[in-house]
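# Notes for the structure review
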Amino acid sequence: MNHDRFEALAGAVLLGEASEAERAAFAAHAPACAQCRSDAAAAPVLIRAIEAAREAETWRPRVDRAVLGRIRDSRSSRFRVTIGALGWAIALSIVLNVALASGLSGRFAGAFRQTGEAASDGTAMKFRLESPAPRRALAARPAPRQSDVAVVPHRRARKAVAARAPFGVAPRAPEPAGERADRADDVPDLLAGIDIDGRAVDGAKHVAVEPRPACEGAATRAEQALGDAPAPCPVSPADLPR
Amino acid sequence: MDNVYVLGLDRTLDAEARVEALVTQHEAKLARYVRRFVSDGDFALDIVQDVFFAAYRTLRADPSRPLTAGWLYKTATNFAISHLRKKKRRGETLPLDENAGAFRSDESSALQLDLQRALRELGEEQLACVLLTTYAGYSSGEAALILGTSADAVRQRVCRAMRAMRKSLGEATA
């Protein structure tokens with residue numbers, strides 16, 4: 001048994017917690033150990049002095065008000081934080097609702113929306129795609145972009161034209177550079193390189209299809225609206241072969 | 001002596017009411033223990049406030065948790081040790097005669113002041129063992145539970161602390 005064990009026994013004896021067996025073991029060790037003898041003799045005086053100091057204590061500390069005040073402060077600050085967060089959330093919600101209701105959503109959504117039109121005058125189907133410009137740039141632009149226009153003649157119109165013009169349609173002459181630049185954003189012509197008889201036309205990038213046959217005296221829509229229009233074009237959709 | 005394991009508090013109360021009951025039961029005893037530990041009444045009051053506020057936060061987080069008196073003393077001991085280490089790092093250890101006005105009022109004898117000085121010279125672990133067993137009135141087994149060690153270790157530290165205090169007091173009286 002090393003001396004640490006006897007120190008623990010001495011501590012138990014000093015604190016009055018030692019069992020009979022522990023007291024006997026310490027009593028057997030103490031006569032042979034000067035340090036343990038002096039510990040056993042002097043320590044009880046110190047322990048009594050500490051207990052006397054505890055009994056003589058007149059200090060009456062009061063921390064209840066401070067602690068409870070701190071707890072209430074903590075609760076009220078938590079409440080304030082919660083209310084503040086709730087207020088901010090409500091304010092943000094109101095702002096978002098007002099913004100969405102006032103058309104902000106349209107501004108955002110318009111940037112991704114494409115409108116399209118399809119019209120037919122009996123001889124050709126016209127598709128027109130329009131990508132609206134952003135609203136803030138609208139004032140700077142004179143008109144919405146209308147370049148994405150595809151003109152696709154009806155099959156019946158093409159046949160009619162072919163019947164009237166058996167010689168076919170010659171490829172369009174090359175355009176001057178300036179005019180080609182103006183058409184730079186045209187959509188690809190689906191009929192490019194193919195004449196109306198189905199024969200390939202070398203080097204033709206655009207096939208100019210005149211869906212409405214040339215007709216002297218054909219009235220324009222404006223003239224028809226004025227009432228003094230001459231006889232309509234003899235090739236009407238109803239006359240086209242089915 | 002208080003039950004070191006579970007305080008007899010009504011768990012149907014909310015955290016604030018339970019802490020209020022804790023404060024009423026333990027504030028004076030705990031504050032005196034901490035004052036002996038740090039040798040400074042003002043710091044002791046601050047530490048005790050921190051301990052009870054920590055108890056409140058613990059009860060608020062887990063109302064079903066059984067709070068023990070041992071938990072209070074363990075928390076107070078940890079806060080006091082932390083405080084002493086901070087002071088030691090900053091070199092703020094004032095002589096007991098300058099900051100122990102509260103001790104002078106009720107411990108007018110030179111022996112009591114010497115005793116407090118001898119306690120201050122103990123190491124943190126020995127001081128905690130001595131104060132828990134001889135001042136707060138816990139047994140070595142309960143002190144061991146509070147400090148997270150064995151009862152034999154507590155008894156051994158008490159024995160060594162007494163030896164060191166006797167040496168310190170012998171030098172003071174010589």
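Just so you know, these numbers come straight off a predicted model, no measurement behind them. (Residues numbered from 1 in each chain as written. Chains lettered and ligands numbered in written order. Predicted model: local features only at pLDDT ≥ 70, side-chain atom pairs only at ≥ 80, totals over all residues.)

### Considering the overall build of chain A
- Tallying secondary structure elements over chain A gives 7 helices and 3 strands in all.
- From first element to last, N terminus to C terminus, chain A shows the α and β order α-α-α-α-β-β-β-α-α-α.
- Of all 242 residues assigned to chain A, the portion counted as buried reaches 12%.
- A sequence separation of at least 24 residues applies to 46% of the contacts in chain A between residues at least 6 apart. (Helix = DSSP H or I, 4+ residues; strand = E, 2+ residues; numbered from the N terminus. Buried ≥ 20, exposed ≤ 12 C-beta atoms within 10 Å, placed from the backbone. Contact = placed C-beta atoms within 7 Å.)

### Some words on the overall build of chain B
- The helix and strand inventory of chain B stands at 9 helices and 0 strands.
- Element order for chain B, N to C, with α for helix and β for strand: α-α-α-α-α-α-α-α-α.
- Counting only residues that meet the buried cut, chain B has 42% of its 174 residues in that class.
- Contacts in chain B between residues at least 24 apart in sequence constitute 65% of all its contacts with a sequence separation of at least 6.

### Brief notes about the interface of chain A and chain B
- On the side of chain B, 39 residues touch chain A, which itself brings 32 residues to the contact.
- Those elements that place two or more of their residues in the side of chain A that touches chain B are α1 (3–14), α3 (34–55) and α4 (64–110) of chain A.
- Ranked by the residues each element gives to the side of chain A that touches chain B, the list is headed by α3 of chain A, at 10 residues.
- Across the side of chain A that touches chain B, the residue classes tally to 20 nonpolar, 2 polar and 10 charged. (Nonpolar A, V, L, I, M, F, W, Y, C, P; charged D, E, K, R; others polar.)

### Topic: the nonpolar core
- Val34, Val48, Phe52 and Ala76 of chain B are the most contacted members of the largest nonpolar core, which has 68 residues in total.
- Considering each element in turn, this core owes the most residues, 9 residues, to helix α1 (residues 15–38) of chain B.
- Residues within four places of Val48 of chain B in sequence aside, it is in contact with Val63 of chain A together with Glu27, Leu30, Ala31, Val34 and Ala76 of chain B. (Core = buried A, V, L, I, M, F, W, Y, C linked by C-beta atoms within 7 Å.)

### A closer look at helix α6 (residues 110–120) of chain B
- Those residues of α6 of chain B that sit buried are Leu115, Ala118 and Leu119 of chain B. All buried residues of α6 of chain B project into a common sector of 100° when viewed along the axis, lining one side. (Arc of directions from axis to C-beta.)

### Details of α3 of chain A
Residues and elements named next belong to chain A.
- The first and last C-alpha atoms of α3 sit 32 Å apart over 22 residues, in line with the 32 Å expected at 1.5 Å per residue.
- Roughly 30° is the biggest bend found in α3, and it falls at Ala42, with proline Pro44 one to four residues downstream.
- Buried within α3 we find Cys36, Asp39, Ala43, Leu46, Ile47, Ile50 and Ala53. (Expected span 1.5 Å × (residues − 1). Bend = angle between axes of the 7 residues up to and from the residue.)

### Topic: the packing of α1 of chain B against helix α7 (residues 124–135) of chain B
All names here are of chain B.
- As a packed pair, α1 and α7 sit with axes 11 Å apart at the nearest point and diverge in direction by 145°. In this structure, α1 crosses over α7, and the sense of that crossing is right-handed. Each of Tyr33, Arg36 and Phe37 in α1 lies in contact with α7, whose residues at this interface are Leu127, Leu131 and Tyr135.
- Partitioned by chemical class, the residues of the contact of α1 with α7 number 5 nonpolar, no polar and 1 charged. (Axes fitted to C-alpha atoms, helices over the stretch in contact; angles between N-to-C directions. Left-handed = near helix turned anticlockwise from the far one by under 90°.)

### Considerations on the confidence of the model for chain A
- Mean pLDDT over chain A works out to 68, with 42% of the residues at or above the 70 mark.
- Contacts from residues 203–209 of chain A, a stretch scored under 50 in pLDDT, to residues over four places away or in other chains number 19 contacts. (pLDDT = per-residue confidence, 0-100.)

### Digging into unusual backbone geometry
- A positive phi angle, close to 60°, is found at Ser39 of chain B, a residue other than glycine.
- Mapped onto the fold, Ser39 of chain B is located in the loop between α1 and α2 (41–61).

### Notes on the packing of α3 of chain A against α6 of chain B
- At their nearest, the axes of α3 of chain A and α6 of chain B sit 11 Å apart, and the two run at 105° to each other. Relative to α6 of chain B, the element α3 of chain A lies roughly perpendicular. Between α3 of chain A and α6 of chain B, the contacting residues are Ala49, Ile50 and Ala53 of chain A on the first element and Leu111, Gln112 and Leu115 of chain B on the second.
- Classifying every residue of the contact of α3 of chain A with α6 of chain B by side-chain character gives 5 nonpolar, 1 polar and no charged. (Parallel < 35°, antiparallel > 145°, perpendicular 65-115°, else oblique.)

### Looking at the confidence of the model for chain B
Residue and element names in this part refer to chain B.
- Overall, the prediction assigns chain B a mean pLDDT of 80, with 80% of residues at 70 or greater.
- Counted against residues more than four places away or in other chains, residues 1–6, with its pLDDT under 50, gives 13 contacts.
- Reported confidence for the predicted complex is 0.76 by ipTM and 0.56 by pTM.

### Considering the environment of His83 of chain B
All names here are of chain B.
- When you line up the elements, His83 lands in helix α3 (residues 69–90).
- The class of His83 is partly exposed, set by 19 C-beta atoms lying within 10 Å.
- Excluding anything up to four places from it in sequence, His83 contacts Val38, Phe43 and Ile47.

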